[in-house]
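# Examination of the molecular architecture
Each chain is listed here by its residues.
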Protein chains: 2
Amino acid sequence: MDSLRFTAETSSNGVVERDFTVGEVPGVLWSPASGSEHAPLVLMGHGGGRDKRAPGMAGRAHRIVTGCGFTVATIDAPGHGDRPRTPHDEQEIAALLRARAAGEPEGPIVVRYNAHLAEQAVPEWQATLDALQELPEIGAGGPVGYFGLNMATAIGVPLAAAEPRITAAVFGLHWPDRLAEPASRITIPIEFDLQWHDQHIDRQAGLALFDAFASKEKTLHANAGTHKELPRFEADCAAHFFTRHLTPPA
Amino acid sequence: MDSLRFTAETSSNGVVERDFTVGEVPGVLWSPASGSEHAPLVLMGHGGGRDKRAPGMAGRAHRIVTGCGFTVATIDAPGHGDRPRTPHDEQEIAALLRARAAGEPEGPIVVRYNAHLAEQAVPEWQATLDALQELPEIGAGGPVGYFGLNMATAIGVPLAAAEPRITAAVFGLHWPDRLAEPASRITIPIEFDLQWHDQHIDRQAGLALFDAFASKEKTLHANAGTHKELPRFEADCAAHFFTRHLTPPA
């Protein structure tokens, strides 16, 4: 198994930020400057075309580290951020841009490309989690959450279905086509974000993915607005959700 | 206009609790023991068959007073709590109990009875708000929210449609039949609770009421579970919602 190597470290506003690699996969670990010993861990995935350091990622990470006292890890998805694109990546991105320019539905392309990426990304997340839990400050057996919307839901749903160490997850903003089946095997608490006026994802399709989770505790947060108008306060809701489910009993 | 008369006062855990009447209508006012001067005000309605002092009311009131520093007012709905029942109330309650015993749908009876109660309750809430804003500690022009589920949504939706002083509201758990029209005239921020496996309110009917609000900012919180299984953490979500919308700019 690949172990985790730290490659850089900075610190600001009570948050320590460390770049790392696990094998070929680069990531960022955000931890509280103090009291991070055996803190709960949140794995955070980025959306399509973004990367581990996108402003939304750093913002949510800081919110969870300072608000919950947890540690947050992100990695670049295959073909994203500091990772090379394959000819297949280039081909699918070109198909998406063509569809967008022609005003054709993006869903069929995004669904199949994200499903392809998830096949590679799920074992990468599992190897990253293995390596993170080898760190003495994290350790094995502690609470682990997953937070990922858009493409990170396409990766996170099969990941959470396969990975019993993940015990709570925030998902959302995706089609049900390839995800309803793994979702039906998920029983951990779920918070699910949906945009009520999403121009890409049909409302009933979005609701169908929420419906598919077998979880006894699951909450849908549906907000007025289009695909990219998810309100910022949902990051606070996610932090409250993780606090509720990952905080060890006193 | 009827002015507000305080009839009793107790205090516990930093919360002052005062019984009051406005005309024939009895209510309870919960305020922070200190710093309540011109605090935002949340009007809180109770569900059918309950009253101003139901445990859920007191619990939510304490949560909002201590968590947000706001003042909370509840009143008994017509025919509820300390208020007399009319022959019409008795008749409708008997009809509801018969339907329940026979396993018949409760919706049609609850919808028509709640609409009837709302006709009386809306002006009562407005008179109560007039009287509350006459108190020097509350004053006129401050932020006002409304929090009410079930029957308190049947009363609160026409109230918020008629009352421009209410600037944010939490509703939920009701049929759209009589409420979609007033909801379509409401533009203030809304949080809306729905139970995903509600045995009384059809899922599409519940979603239709959320859809009806004209608000640019509205959030649906749909939780797994039956009608009475609304999770307790939704009271925290409501408190965060009111903090976001009623806290005056610093």
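The rules we used
Residues numbered from 1 in each chain as written. Chains lettered and ligands numbered in written order. Predicted model: local features only at pLDDT ≥ 70, side-chain atom pairs only at ≥ 80, totals over all residues. Heavy atoms only, no water. Buried < 20%, exposed > 50% of the residue type's maximum accessible area, 1.4 Å probe, protein only. Helix = DSSP H or I, 4+ residues; strand = E, 2+ residues; numbered from the N terminus. Pairing = 2+ DSSP bridges. Right-handed = clockwise from strand over helix to strand, strands pointing away. Axes fitted to C-alpha atoms, helices over the stretch in contact; angles between N-to-C directions. Parallel < 35°, antiparallel > 145°, perpendicular 65-115°, else oblique. Left-handed = near helix turned anticlockwise from the far one by under 90°. Contact = heavy atoms within 4.5 Å. Nonpolar A, V, L, I, M, F, W, Y, C, P; charged D, E, K, R; others polar. Salt bridge = Lys/Arg side-chain N within 4 Å of Asp/Glu carboxyl O. Polar contact = N/O pair within 3.5 Å; in protein donor to acceptor, adjacent residues only side chain to side chain. Least-squares fit on C-alpha atoms with pLDDT ≥ 70 in both. Phe/Tyr/Trp six-rings, centres within 6.5 Å; stacked < 30°, edge-to-face > 60°. Expected span 1.5 Å × (residues − 1).

Let's shift gears to the pairing of strand S7 (residues 166–172) of chain B. Along any regular strand, the residues point their side chains to alternate faces of the sheet. All names here are of chain B. Within S7, six of the seven residues are buried, which leaves the element mostly enclosed by the surrounding structure. Bridge count between strand S6 (residues 144–147) and S7: four bridges; the pairing is parallel. In the strand pairing of S7, glycine 145 is matched with alanine 168. In terms of handedness, the path from S6 via helix H4 (residues 151–162) over to S7 forms a crossover that is right-handed. Looking at chain direction, S7 and strand S8 (residues 190–195) are connected through four bridges and run parallel. Each residue of the ladder has a partner; that of phenylalanine 171, found in S8, is phenylalanine 192.

Our focus in this paragraph is the packing of helix H1 (residues 55–68) of chain A against helix H7 (residues 233–246) of chain A. Residues and elements named next belong to chain A. As a packed pair, H1 and H7 sit with axes 10 Å apart at the nearest point and diverge in direction by 45°. Judged on the interaxial angle alone, H7 and H1 are oblique. As for how H1 packs across H7, the hand of that crossing is right-handed. Two secondary-structure elements touch here, H1 through Arg60, Arg63, Ile64 and Cys68 and H7 through Ala235, Asp236, Ala239, His240, Phe242 and Thr243. Partitioned by chemical class, the residues of the contact of H1 with H7 number five nonpolar, two polar and three charged.

Chain B puts 20 residues into the contact, and the matching count from chain A is 20 residues. Our enumeration of links across chain B and chain A arrives at two salt bridges. Between arginine 203 of chain B and aspartate 211 of chain A there is a salt bridge, and its shortest N-O distance comes to 3.2 Å. At the surface where chain B touches chain A, the tally comes to twelve residue pairs in polar contact (both at pLDDT 80 or more). Take the side of chain B that touches chain A: its biggest share by element is six residues, from strand S9 (residues 218–223) of chain B. Tallied by class, the residues present in the side of chain B that touches chain A amount to seven nonpolar, six polar and seven charged.

What follows covers the relation of the copies chain B and chain A. Turning chain B through 180° and shifting it by 0.0 Å along the axis lays it on chain A, with an RMSD of 0.0 Å. What the superposition gives is, in effect, a two-fold axis relating one chain to the other. Considering only C-alpha atoms, the residue of chain B closest to the rotation axis is histidine 221 of chain B, which sits at 2.5 Å. Counting the interface residues of chain B, we find that 100% of their copies in chain A are interface residues as well, pointing to one common contact surface.

All names here are of chain A. The tally for this structure, following the rule as stated, stands at 16 aromatic pairs over all chains. Taken together, a centroid distance of 6.0 Å and an interplanar angle of 85° make the contact between tryptophan 125 and tyrosine 146 edge-to-face. Remark: tyrosine 146 occurs in strand S6 (residues 144–147) and tryptophan 125 occurs in helix H3 (residues 107–134); sequence separation between them is 21 residues. The pair tryptophan 125 / tyrosine 146 is uniform in exposure class, with both members buried.

Glancing now at unusual backbone geometry. As a rule of thumb, non-glycine residues mostly have phi less than zero, and peptide bonds are mostly trans rather than cis. All names here are of chain A. Of note, asparagine 13 is a non-glycine position whose phi angle comes to about 50°, a positive value. Despite not being glycine, leucine 173 has its phi angle at roughly 55°, a positive value. Residue leucine 173 is classed as buried on the basis of its relative accessible area of 5%.

With that settled, consider H4 of chain B. Residue and element names in this part refer to chain B. Here H4 is twelve residues long and its end C-alpha atoms lie 17 Å apart, about the 16 Å a rise of 1.5 Å per residue gives. A large share of H4 lies buried, amounting to nine of its twelve residues. Looking at the buried residues of H4, the elements they touch are helix H3 (107–134), S6, S7, helix H5 (180–183) and helix H6 (203–212).

Residue and element names in this part refer to chain A. Counting buried residues in strand S3 (residues 25–32) gives eight out of eight residues, a clear majority hidden from the surface. Alternating positions in S3 separate into two faces, Val25, Gly27, Leu29 and Ser31 on one and Pro26, Val28, Trp30 and Pro32 on the other, with burial throughout. One ladder, built from eight bridges, connects strand S2 (residues 15–22) with S3; its direction is antiparallel. What sits directly across from threonine 21, in S3, is proline 26. Pairing between S3 and strand S5 (residues 71–75): four bridges, direction antiparallel. Paired with leucine 29 across the strands is alanine 73, a residue of S5.

Treat this as a map of the structure, not an account of what it does.
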